Structure formats: structure tokens, C-alpha cells
Amino acid sequence: MDQDPTRSPVAAGAAPADLPALAAALADEAADLAGVDARVHWWLEDGRAGSRGNFPPRADLLESTPVELPTTLALVPAGWSSSSGATLELVLPPEGPVRRRVEAWAGRVAPFVAAALERERLDREVERLAKAESMQRALFEISDLASGSLEFQEMLRRLHAVVATLMYAENFFIALHDAERDTIRFVYFVDTADEVWQSPDLEEESLESIRHSLTWYLIREGRPLRGPTQALIDQVPGPLKVVGPHSADWLGVPMLEEGRVRGVMVVQHYDKWPCYSDEDQAVLSFMGSHILAALDRREAVETLEREVARRTQALTEEVRERERGERLQATLFRIAELSQTATGPDDFYPAVHEAVGQLIASENFYIALLSDDGTVHFPYFVDERGTAPPPRPLGHGISDHVLRTGMPLLADATTVEGRARIAALVESGAIGPDRSGSMTWLGVPLACDGRTVGVLAVQSYQPGVRYEPRDQELLTFIGYQIANGLTRQRAAAALKSAYASLELRVVERTQALREQIAERERIEERLKHEVLHDSLTHLPNRAYLREQLERALARSQRDPAHRFAILFMDLDRFKVINDSAGHLVGDALLVEVAKRFASCARGPDLVARLGGDEFAVLMDGISTDDAPVRLAQRLLDALAEPVPVDGRELFSSVSIGIVLSHPRYTAVDEMLRDADIAMYRAKAGGRHRFELFDETLHQQATDQLKLESDLRQAITLDEFEPFFQPILKLDDRTVVGYEALLRWHHPVRGCLAPGAFLPAAEAGGLLEAVDWRMYESVCRAVPALLGPGQYVNVNVSPRHLLIDEFDTRLLALLQKHDVKPAQLRIEVTEWALMDDPVRAGQVLDKLRRSGVVAALDDFGTGQSSLGSLHSLNLSVVKIDRMFVEALRCGDGSSASTAVADAILTLGRALGLEVVAEGIETDAQHQALAGLGCELGQGYLFGRPAPLAQIIRERGAGEG
């Protein structure tokens, strides 16, 4: 009770090394200090914990009543990590010297407890790193074994040793599973207690032969198993068949490849439990995949080595056979050569004998020939026991038998079968008794033109030198060549005379072929020129231009200093000339324009016609940026003079777009696109001028692409809405109808009028889809918008009038929304009627017969004739706002007043309704009323508004 806390053995640095002993020492010191039982608890961040002391655990205290709950004091410094720590539990009074003494002692020992906890953590970290290093070494050794040259079983023994460095593995086996055949093979098995499997059969056996064993469950379930035999019974889903002795601890893991079980790896201990931990299981599973990969690599190496050995043997045999074939081929070539080069039989036969000797034993060799009178003579005879026999009539010798039958014969007296065959021939009278004493005789016929003319024979007097069927086949082959040689010698004279005439024929045929090849080359060049050039102007065409432009672009990408430019040209008003003067005149104009353009270009420049009235010039290798500008000016000047065509003078102009090479261009289409944009900018600026594509145009092109993208999104999200402007009677301002005007609710730019996006929609091919969205919305609004006798106008673009089914689709839309044809009117511009007036008239006529009225918008700004107004059966004309703006009340001298009066007079004469657009002032209203105009629209009467606003204002007016 009187112990001084400053003299604590722990605080004095005499703390035990391990945590359990330290906890016990601290518990004893606290107990001595406080005079009561105490307990110290400790825990680490890896999950390990423990306690030491005499004070009962809190759980035991709670079970007894009454109970005095202990005081808990921290034994680590303030701010220590909560993942590890230590506490002291004992019963202390709330206040007093004992409590203060214990608390002072706790504060004193806290740094040493923290040091002990940190030392334990570092020891564990060192241990973990050591295990990781062991694992790394094991993996390296596995990789080395897989690529080494050890025998398969020796490699497996080394792998066993590697596993043994990581865990207890005295009892260890590896088995591989073939999923296709459902078989298993124990490739390695070492066990201290199971002697049956000490030398496993490496042959495969059915997996069902070990059904319900632990190995069977590992393969079928595909998950690890661990524990003593009795615990394993509870882990498997079915009955367990125990093979071999029971294990105190058994650990098996499947070896997996992409989720498939390729095998198993098992370690076991027969005495100790627990022997294997979760960490051992994880390590063995991890090692399993690497060992499986090592086995696969080794098996692949062995398979490759076996295949290499098999292929080497096959190649060796093939080489031998090929060498034999080469020798045979060389012999045959030699014989064929001799038949051509030998001056006579005295040179030919010895050389043939020498050539045959390269292939078979031919110490005894002769050639016998049968003449036309039936005499057999021997022009060549070499024999170790005699000389050439004299000529004789055909008899019954063995050579005579070959001459008579025309069949090869192998007579082998060294074998029972051979002697029997010779005896049978003698007995049948085919040959006489053999008195030469040869052991083996082989003869083949020499045939010319299907007739046997001789015999080629070899024979041996020694038992060790025998001829076989293979030699017979070889000698038959040679016989054919010798016979051919004889035939060639006989035919040499005839061939020599034929060669001269043949050579002459070859020369004639060669000359004819050369002429044909030259003609074909000329045709190919002409076809190539036609493919890459325009047939009218003979200038390079679009394909040729693209090819050269791609080369220039590729060179510029390789060498940034290399610069080039593309000029894109389009003739102004060519369509008007073509339509008015005819296509022949238009073609003649194009030819003359092409000549003038070509005369303006430099030598290396490429002038091309792209099609129609479009031309282009590629300037490759320019040194300054003003070179394309100077060329553009020359091109403009070239068309300043009239073009004489067919007795008349035609004037034309050209708009030019220029693009200079730049690193931002990566494709030909990008440059052509920007040149086209610059050309249209030149047209918009007044025509007969050039425009250089710059960053402003580039930004405009980018904005155009962004606008087209937004339009596609707007069509998908239905961001378009029709606004309606009233059409009134000018005398009493009674609303007779509305004109539907498209608006786009852009998510960023707000409500946009058509002029802000319709050109982009038309350029991007989206105008038709936008229009049909508009028509659909107008038809839906008709029931709420229109009153009795009222109508709504919708604008129709020229594109629609060129589509045959436009009227059918529009009428179907009206029927779908239960809109009467008289409630919808379409407005077309004069320019829409000029593109194809015949087709436009057909579409408008179909709609008129169905009850849909057509109005001519912006009348007076185009080129409509009175005949077209009548032939198209239009019902309404609308005076363009440009004539309305200049009207003044009572100013009858105004030109606009005269035009408006003329339109009104024309309308009354043709029975047409006339509507004045753009009325914004009372003066304009009064002037139009004074001219007798009955209908009008404009901001004076009402601005375009959405349907909801019109309904609200209508309700407010009625209220």
C-alpha cells in the first residue's frame, strides 16, 4: 500500500519483453500499489488481444450480485491510436490518496506500455515482411524450376521442398484433373504413414474411382478443406470416404485456372492439431496457382521436346529418303544428259554403268538388246566371271524371259521363296537351268514406244550382296531413263531438223506477244487515265486530287516546313446558264473554263474538276502564304472576259475558297470541308471573289458542328414549339387565321427564331425532321387554337416539294389529329417553285384536291411568272414585308405602293387572296386599306406567341 509509484520496475525500465508477461507484471504492481486485485487488458491492431491479473473479468462480475464494478484506467499516453492499447481494471474509491497514487503510477508506466505495444507491432511487421520475402523466394524458385532442365519428378520434389519452407509439408501430394475426360492423375505423392501411395501410378484413372474422398470433394466443390478428419466430415456436403490413415490436421486446396479446377494440392499432419491456419490456407491456394502454371509450362516444354524428338526422327528419315531421291534424281539427270551428249554407245553405256553404281551394287552389269530380226546381242557386258556372250537367237535364258514378257524379274537364290520361284519358272519351261552360279539376279526391260527392245541386268555371286524389291523398283526407273535415252538418240536427228522451224515459229510468236503486251499496256494506261481524269475537260478528277492531296498531307506531317494549299472553286450562276442555254452549251463552257484555269496554274500545280461546276487547285510546295492568293486573283481575272460558246458570248464568275496547310489537319476530308466553307463564304460575300479560311471561319465551322449536334439533341428531346401570329381582316381586325412560326427553346441560348438555326439544320440534313416536328405540334394545337372558319399556315421548305410522298404523309398527319384539310394552309416561297416547278405543281395539286390551300410567300422577291401562278393553282399570295415597310398613307407615288397595288390588282384578277406581311404601323395599315387589301399580319396586330399565351389572352378578353 505504501509503494512509491516512481520506483515501479516497469517505469524503471525493467519491463518483461513480451506483452503477456508485461501485462502480468503491471497487474501485480497495480495490485501491490492499491492493495486490491487488478487485471490488465491489451489489444493490437491485427486483432490479437489478451489479459493478465487476479481481478475477475467484467463478464464474470456481472453474473454475481451484488457487484462492485471496477474502475478502468488507460495505460497508454493521451492521443494514442485506438487500434491498439492497454487498460487497467481494479476497484478504487472515487477519491483519496490510493486513487491518486494509482493514477500517478498509470501515467508513469504509460510511455513504457506504449513502447511495448509499438515493439510488438514492429516485431509482427518484421515477421510479416519475412514471410513475404519467403513467399517471393518461393515464387522465384518455382519459376526457375518450371524453366529448368530437371526431370519431371525431380522438379516436383524441388517444388515440395519449396512448399515445406512455408509450412509443415512432410506429407504432401499433387493431383491433376482432366475435365474433358473426368480423370485424375497423382503426379506426386509423399507420405510418412500411407505406404500404398508412395509410388503413385502416373497413369490417369477415372475420378469416380475415388468418389466421396476428400480429393474428390476438392475437385467437385472447387473450394479448400481444412481440419481433422472428424471436422472434415461436417464440411463436405455428402458422405466422406476416408482413404488412408486419419489426419490430425488436413489442408487441401483446388488449383484453379479461370474458375476451372485443374488439380489439387494437399498437406497433412498426423499428430499435431491445429497445424494449419487461415494464413497457411491462403498461402497454399496462392502457391497452387503458381505451381499449376509451372506444371503447365514444364508439361508444355516436355511435350515440345517429345514433339521435337519425334519430328527430328521423322525429318532424319525424310532427309535420308530425300538424299536417296536426290541421288536417284542426279542419276536420272546424268543418264538424260548422257543421252544428249554421248557421241555413241561406247561412251553412253560405260557412263550409265558408272551412274547406276552410285545407287546399287553393280560390279556385274550388262545390257542386252533385241534386234528386229529376233537376235539378242550384248553391246555392254561387265562380269567378274566371264566375257560378253556372242549374239544369239532369242532363247530361254533368264534375260530372254524378261525380253519375252516385258516384265522385271528378281531371282534370289539366297532365300527359300526365291529358290522356289526360280524352280517354278524352270519347271514351267519359261527359263532354262541357271549355269552362271549367280546368287541374286535382277533384270528390268528396256521399252521404247511400248515395245521391249532390251534388258538391263545386274547380278551378284556373293551371298552378302542381295537385291531387294526396292532395288528392282529403282532399276526399273533407271531402265525407263535408259530406254528414253536410246529413244532420244534415235530421234536426235529428227529433232535437230525440227528445231530450226520451231525456233522460227517462236520468234514469230514472241513478236506477236510483244505487240499484244504493248497494246495491253496502252489500254491499261488509257483506262487508268480515264479513271483518274474527267471525261469532259480531261482534267484530273476528284479521286486523283484526293490521292495527291493525301500525299501532300503526309509529307507535310513528316516535314512541317513543307507547305501546300487547296483552292476550291465553284462557278456562279452556272445552273442558270445550263438550264437556259442547254447542257451542250454548259459543257462547252466548262471545257473553256477548265482551259483558262489550267493556264493560270504553275507547273507543279494540279488543276482538277470535282464534278458539276466545281473545280479545285492543289498548290504543293508553296513558299509564302500569298502564293495561293495571287493564283486566286489570276483565276478570277481569267473569267473576267466573256466565254465564246456556239456563236454567243457567255459571262460567268467563280467563287473561291482557300485553305492553307496546318498541323491541325489530319485528314483530307477536313481540308476539303474547310475549303468548301470558305468558298460558300465567298459566295455569301457577293460572288466572284475569294475567301481565305482562317480561325474565324474555323470557329464558325466549329460552331456549325456544335449547332448541328444541339439540333439533333433538340429533335430527340422535342425542344421545338410553334408560335402563332394572327392574320386579320384589315377593316375590323377580325382574326381569320394564324401563321405558325417555329421557335427553338435552346437550353443555353434561350428561345431562338428560325433564322438562328434553320440554315444549320438544312446543311446538316435535319430540316425535314425539324419540319415534321413542327407540323406535328401545329396539328396538336389546332383544336385549342382555331375557331370556326379559321385556319393555320405552316411554312414548307423546297426540299419537301421534291418528295413524292409529302402530300400523303401530310394528309395522314391531319387525319391522325382529326384536323380538317381546310384548317391547314401551306406557305411556299417563289424559290421553292423554281427548283422543279413540274414536281412542285404535282404535289400542290394533290393537296389542293384534298382541300389543303397553298399560299405563295414573299411574293415579289423572286422570279415567279404569271403563268406559274396560274398553272400551280395557288389560292393565296402574300406581299413581302420589304414592300410594306416603305408604304406611307396617301403616298401614291411610292414605288412600294405601286408594287403593292400591282400585286393586289393581280390577285383580284386571278381570284387570289392577298395577305400583306410585316404591318407594324398605323400608316402602313391605312395605306394597305386604301389600296383595297383585305388581309394582313404584323406586329401592329400581334407578335408571334405560344399557344398557352394566346389562350390566356383570349380568356382575358372574353372576361
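Coordinates for the structure precede this section.
What counts, and at which threshold
Residues numbered from 1 in each chain as written. Predicted model: local features only at pLDDT ≥ 70, side-chain atom pairs only at ≥ 80, totals over all residues. Heavy atoms only, no water. Pairing = 2+ DSSP bridges. Helix = DSSP H or I, 4+ residues; strand = E, 2+ residues; numbered from the N terminus. Contact = heavy atoms within 4.5 Å. Axes fitted to C-alpha atoms, helices over the stretch in contact; angles between N-to-C directions. Buried < 20%, exposed > 50% of the residue type's maximum accessible area, 1.4 Å probe, protein only. Salt bridge = Lys/Arg side-chain N within 4 Å of Asp/Glu carboxyl O. Parallel < 35°, antiparallel > 145°, perpendicular 65-115°, else oblique. Nonpolar A, V, L, I, M, F, W, Y, C, P; charged D, E, K, R; others polar. Patch = residues over 30% accessible without salt bridge, like charges linked within 9 Å, V, L, I, M, F, W, Y side chains within 5 Å. Areas by Shrake-Rupley, 256 points an atom, 1.4 Å probe, with all protein chains shown as cover. Core = buried A, V, L, I, M, F, W, Y, C linked by side-chain atoms within 4.5 Å. Left-handed = near helix turned anticlockwise from the far one by under 90°.

Draft legend 1. A look at the sheet that holds strand 16 (residues 451-460). Taken in spatial order, the six strands make up an open sheet running 13-12-11-16-15-14, and their pairing is antiparallel. One side of each edge strand has no neighbouring strand; the edge strands of this open sheet are strand 13 (392-393) and strand 14 (409-412). Across the sheet, helix 9 (residues 398-405) lies against strand 11 (365-370), strand 12 (375-382), strand 13, strand 14, strand 15 (440-448) and strand 16, angled at about 145 degrees from strand 16, the strand it touches most.

Draft legend 2. Structural detail: the sheet that holds strand 18 (residues 606-611). Spatial strand order, 18-19-17-22-23: five strands in an open sheet with mixed pairing. Two strands close off the open sheet at either side, each with one partner strand: strand 18 and strand 23 (690-692). For this sheet, the mean inter-axis angle between neighbouring strands, taken without regard to orientation, is 20 degrees. Note: strand 22 (residues 653-660) against strand 23, three bridges, orientation parallel. Considered in strand 23, the bridge of isoleucine 658 is made with leucine 692. Across the face of the sheet, helix 12 (residues 542-558) comes into contact with strand 17 (564-572), strand 18 and strand 19 (614-620) while running at roughly 130 degrees to strand 18.

Draft legend 3. Summary view of the side chain of aspartate 412. The topology assignment puts aspartate 412 in strand 14. Using a relative accessible area of 5% as the deciding quantity, one classes aspartate 412 as buried. Residues in contact with aspartate 412, not counting those within four places in the same chain, are Gly418, Arg419, Ile422, Met439, Thr440, Arg466 and Tyr467.

Draft legend 4. The arrangement of the pattern of salt bridges in detail. Taken as a whole and judged by the stated rule, the model has 41 salt bridges. Arginine 181 serves as the salt-bridge partner of glutamate 204, at 2.9 Å between the closest nitrogen and oxygen. In this pair, glutamate 204 sits in the loop between strand 6 (183-190) and strand 7 (205-206) while arginine 181 sits in the loop between strand 5 (171-178) and strand 6, placing the two residues 23 residues apart along the sequence. One salt bridge connects arginine 609 with aspartate 534, and the closest N-O pair in it is separated by 3.0 Å.

Draft legend 5. Expanded view of the packing of helix 13 (residues 574-581) against helix 14 (residues 583-600). Look at helix 13 against helix 14: their axes get within 6 Å of each other, and the N-to-C directions meet at 140 degrees. Taken as axis vectors, helix 13 and helix 14 run oblique relative to one another. Between helix 13 and helix 14, the contacting residues are Phe574, Ile577, Asn578 and Ala581 on the first element and His583, Val585, Gly586, Leu589 and Leu590 on the second. Looking at the contact of helix 13 with helix 14 residue by residue, the classes come out as six nonpolar, three polar and no charged.

Draft legend 6. Structural view of a nonpolar patch on the surface. Residues Leu495, Tyr499, Leu502 and Val506 make up a contiguous nonpolar surface patch of about 370 Å² in total accessible area. In this structure, leucine 502 sits in helix 11 (residues 469-532).

Draft legend 7. Quick peek at the nonpolar core. Phe720, Phe724, Val792, Phe806 and Ile826 are the most contacted members of the largest nonpolar core, which totals 71 residues. Among the elements that take part in this core, helix 19 (residues 767-785) stands out by supplying 10 residues, more than any other. Formed by 34 residues, the second largest nonpolar core is a distinct cluster that contains Phe597, Phe615, Ala638 and Leu660.

Draft legend 8. Main features of unusual backbone geometry. We note that histidine 212 has phi near 70 degrees; this positive angle belongs to a residue other than glycine. For histidine 212, the position within the fold is in the loop between strand 7 and helix 5 (214-221). Backbone geometry at aspartate 718 places phi at a positive 55 degrees, although glycine is not the residue there. Positionally, aspartate 718 belongs in the loop between helix 17 (695-717) and strand 24 (720-729).

Draft legend 9. Structural context of the pairing of strand 22. Of all eight residues in strand 22, eight are buried, a share of seventy percent or more. Judged from the eight bridges that link them, strand 17 and strand 22 form a sheet pairing that is antiparallel. Across the sheet, the residue bridging to aspartate 570 is serine 655, located in strand 22.

Draft legend 10. Spatial organisation of the environment of leucine 292. Mapping leucine 292 onto the fold places it in helix 7 (residues 278-341). Take leucine 292: its relative accessible area is 3%, and that puts it in the buried class. Through-space distance from the C-alpha of leucine 292 to that of glutamate 257 is 8.3 Å; in sequence the pair is 35 residues apart. What leucine 292 contacts, discounting residues up to four positions off in sequence, is Leu176, Met255, Leu256, Glu257 and Arg262.

Draft legend 11. Region of interest: the packing of helix 21 (residues 806-816) against helix 23 (residues 837-850). Interhelical geometry of helix 21 versus helix 23 gives an angle of 30 degrees and a closest axis separation of 9 Å. Regarding the angle of helix 21 to helix 23, the classification is roughly parallel. For the pair helix 21 and helix 23, the crossing hand works out as right-handed. Between helix 21 and helix 23, the residues in contact are Phe806, Asp807, Leu810 and Leu811 and Val843, Lys846, Leu847 and Ser850, respectively. Its residues placed into classes, the contact of helix 21 with helix 23 shows five nonpolar, one polar and two charged.

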